[in-house]
Amino acid sequence: MKERWQILVIDDEEVMRESLAAWLREDGYTVDTAQSGLDGVSHARQKEYAIYFIDLKMPGGMDGIETMMEIRRMQPEASVIIITAYATVDTAITAMKEGAQEYIVKPCNPEEISMLVERIIKIKNLQRENQILRKRLTGQYEFRDIITKNPKMLSLLELVRDVASMRSTVLIRGESGTGKELVARAVHFSGDRAQKAFVAVSCASLAETLLESELFGYEKGAFTGANAQAKGKFEIAAGGTIFLDEIGDISPKLQADLLRVLQEKRFYRLGGTNEVQVDVRVIAATNKDLAEEVREGRFRDDLYYRLNVIEIQIPPLRQRREDIPLLARHLLERLSSECGKELSGLNEDALKVLLSYDWPGNVRELENAIERAVVTCRGRQLTADDFSFLAQAVEARTNFTVPAIPLQELEKLAVQAALERSSGNVKEAAQALGIDRSTMYEKIKRYEIER
Amino acid sequence: MAVITVVRFGMLDARIESEVMGFLARTLDCEVQSGPVLPEPAGALDERRQQWMAIDFLKALVAAAPARGRILGLTGRDLYIPMLSFLFGQAQLDGAAALVSVARLRQEFYGLPGDDGLLLTRARKEALHELGHTFGLVHCPDPGCAMSLSTNLPQVDFKRDAYCTNCGGTARARLAALNGETK
Ligand SMILES: Nc1ncnc2c1ncn2[C@@H]1O[C@H](COP(=O)(O)OP(=O)(O)O)[C@@H](O)[C@H]1O
Ligand SMILES: [Mg+2]
Ligand SMILES: [Zn+2]
Ligand SMILES: [Zn+2]
């Protein structure tokens, strides 16, 4: 994927820089040009280029070597190729010592220059793959790993970035697969607790007593099988962050325990009599409407207010479709390298399929879809055919004909149909319609639907 | 109006032009016409290098280009840009003009006996390649595709005088749009 790599050509001679830029563009790179060292440096301040071609001899203040040093000071990872004429090769060799990767003597053989660029980009691709892999292994995500151009997402990320280094509790809401854990990790690894532990606990997957010992640890003999003292996740996360996923599912007893930890920063291990003191930042996540859970009496309001000091709501993927192409390309890049396949991208028809799908499972579902397509595809590019499993679902939806009746009646029909399908289970029907339960009850009442 | 106009500069053998025209019409399935013979751009020759500046040729082509469609110029001169020692051709990416030099496609350039068949095959590939750039195509990683970058003759000889499926798809979509505009 060459489009990702950008090249800057810095040369005072217009023909020189424009003809080289045009030649590199034919190779698929995005190329900018700058007409002086100063201009080049200000370009480098705006964005990071993978390769800088810098003419050695430039009039007006900054020569090639000075320009290179200034750019490398800002971007130590940048690759610099110094362009020189025969007469100044010695100076170019000096430039190598100052950190230029390469120099080329003009005029240069096209083969030489294309191989040089290819070699540098290959290394950059490998470094990037390693970096992505390392992140996958360690889960040490930062804000720049969260891919989005959706304005709502961007302003929400700005908000959490600001609180990254505070101790305040964050409550992250959003459907499953929207990236709640990713955001939680970014908050932790961007803040001043980054060197300490990030400990994730899924509250939904464990039985109450197990979850209790998981969170708070236990003393020897606390229960049969407790042969030694064990630290809980709160202790393991000391100084760092604990991520309580699916917090909406915990029992009233645990809600009380948790409230105490949040209020007093102290707790007892199971079977213990000594209080343990911890400094842990809590980030909680839920796909439930906690405010509604509070209204319905299933979630303590005092705990809710403790948790949602900072509350963010991640919109579902279908409400930020502009992110689909970005995410698809990113995921394709990662998954194709994980599968050891070299794919050049997605074609337009494939993108159309992805854009027209609703992604009830959000980014995780997109991830799974891309993985499935990468594994099964035959060509060098993913096509609509590779996503035919999605197209079928889309087709079922688009072939559905909507009767021309008032919208209100249509809504009533939808509510009725959803209830029928769930055999009268309001919670399930509400979920299928993508609304919360209280809204569902409201509609049942308004349309006088019998259950 | 034709979608592609083919012109030659100066002294180039007219047979090369007609061969390329016929080939493009067949391969791209569009109307191809012949344009006027263009003079070699004044000042394009670098006396010291004994080579001709590709940019000047491209500018001449842009000036001669019809309002819509693409123009392909053929020259027998050895082309260069300041940065590079030579070029087989050059084009405006997503633009109107494409340029091919046959100077280094001839066996004679390398001191070998001439081979007209080989020369014409190479010219077809490079014509398709440079025109591909005007359709927005960039170099293709498939070494057998006409859009793969060739910086030497073995690479030119290895590739086919056809696009791969991917490049062909893009080119056809572009041509279809152009066909509509030039009607
Ligand atoms: N904006 C994003 N950019 C990149 N990857 C994302 C983004 N959102 C989600 N993901 C990826 O999607 C998957 C699901 O995200 P996750 O944080 O586990 O969602 P949730 O916790 O809301 O269920 C993960 O592999 C995650 O890395
Ligand atoms: Mg999760
Ligand atoms: Zn090319
Ligand atoms: Zn191709």
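Our structure is the block above this text.
Notes on the structure follow. What you are looking at is a predicted structure, and each value in this text was computed from that prediction instead of being measured. (Residues numbered from 1 in each chain as written. Chains lettered and ligands numbered in written order. Predicted model: local features only at pLDDT ≥ 70, side-chain atom pairs only at ≥ 80, totals over all residues. Heavy atoms only, no water.)

Our next topic: the coordination of the zinc ion (ligand 4). Residues and elements named next belong to chain B. Those donors, C140 (SG), C145 (SG), C164 (SG) and C167 (SG), are the protein atoms that reach the zinc ion (ligand 4), and they lie 2.3 to 2.4 Å from it. Taken together, the four donor atoms surrounding the zinc ion (ligand 4) define angles of 104 to 115° at the centre, an arrangement classified as tetrahedral. Each donor residue of the zinc ion (ligand 4) belongs to the same chain, with the gaps between them written as C-x4-C-x18-C-x2-C. Taken together, the residues C140 in the loop between α3 (116-134) and α4 (153-158) and C167 in helix α5 (residues 165-182) connect sequence positions 27 residues apart. As far as the burial class goes, C140 and C167 line up, both buried. (Donors = N, O, S within 2.8 Å, 3.2 Å for Na, K, Ca; no water. Tetrahedral: all angles 85-135°; square planar, octahedral: opposite > 155°, others 65-115°. Helix = DSSP H or I, 4+ residues; strand = E, 2+ residues; numbered from the N terminus. Buried < 20%, exposed > 50% of the residue type's maximum accessible area, 1.4 Å probe, protein only.)

All right, on to empty space enclosed by the protein then. A probe matching the size of a water molecule, rolled over the atoms, marks out where space remains unfilled. For the structure on display, the rule yields one cavity of 30 Å³ or more. What the largest cavity holds in volume is close to 140 Å³. Around the largest cavity sit 16 residues that line it, and W23(A), F88(B), G89(B), L149(B) and S150(B) are the ones nearest its centre. Going through the elements one at a time, α1 (14-26) of chain A together with β7 (84-87) and α3 of chain B are the ones with two or more residues in the lining of the largest cavity. (1 Å grid on protein atoms, 1.4 Å probe; cavity = no way out; pocket = protein on both sides within 12 Å on 5 of 7 lines; lining within 4 Å. Points joined across faces, edges and corners; volume = space filled by probe spheres on them.)

This next bit is on the packing of aromatic side chains. Residues and elements named next belong to chain A. With the rule as written, the count across this model stands at 14 aromatic pairs over all chains. On the basis of an interplanar angle of 50° and a centroid distance of 6.0 Å, the ring pair of F234 and F267 is categorised as tilted. With F234 in helix α9 (residues 233-236) and F267 in strand β9 (residues 266-268), the pair connects residues that are 33 residues apart, well separated along the chain. Each of the two residues, F234 as well as F267, counts as buried. Geometrically, the ring pair formed by Y357 and W359 is edge-to-face, given 4.6 Å between the ring centres and 80° between the ring planes. Each member of the pair, Y357 as well as W359, carries the same accessibility label: buried. Members of the aromatic cluster, joined through ring pairs, are F189, F198 and F243. Across the ring face of F389, the terminal group of R372 is positioned such that the distance to the ring centre comes to 4.0 Å. (Phe/Tyr/Trp six-rings, centres within 6.5 Å; stacked < 30°, edge-to-face > 60°. Lys NZ or Arg CZ within 6 Å of the ring centre and 35° of its normal.)

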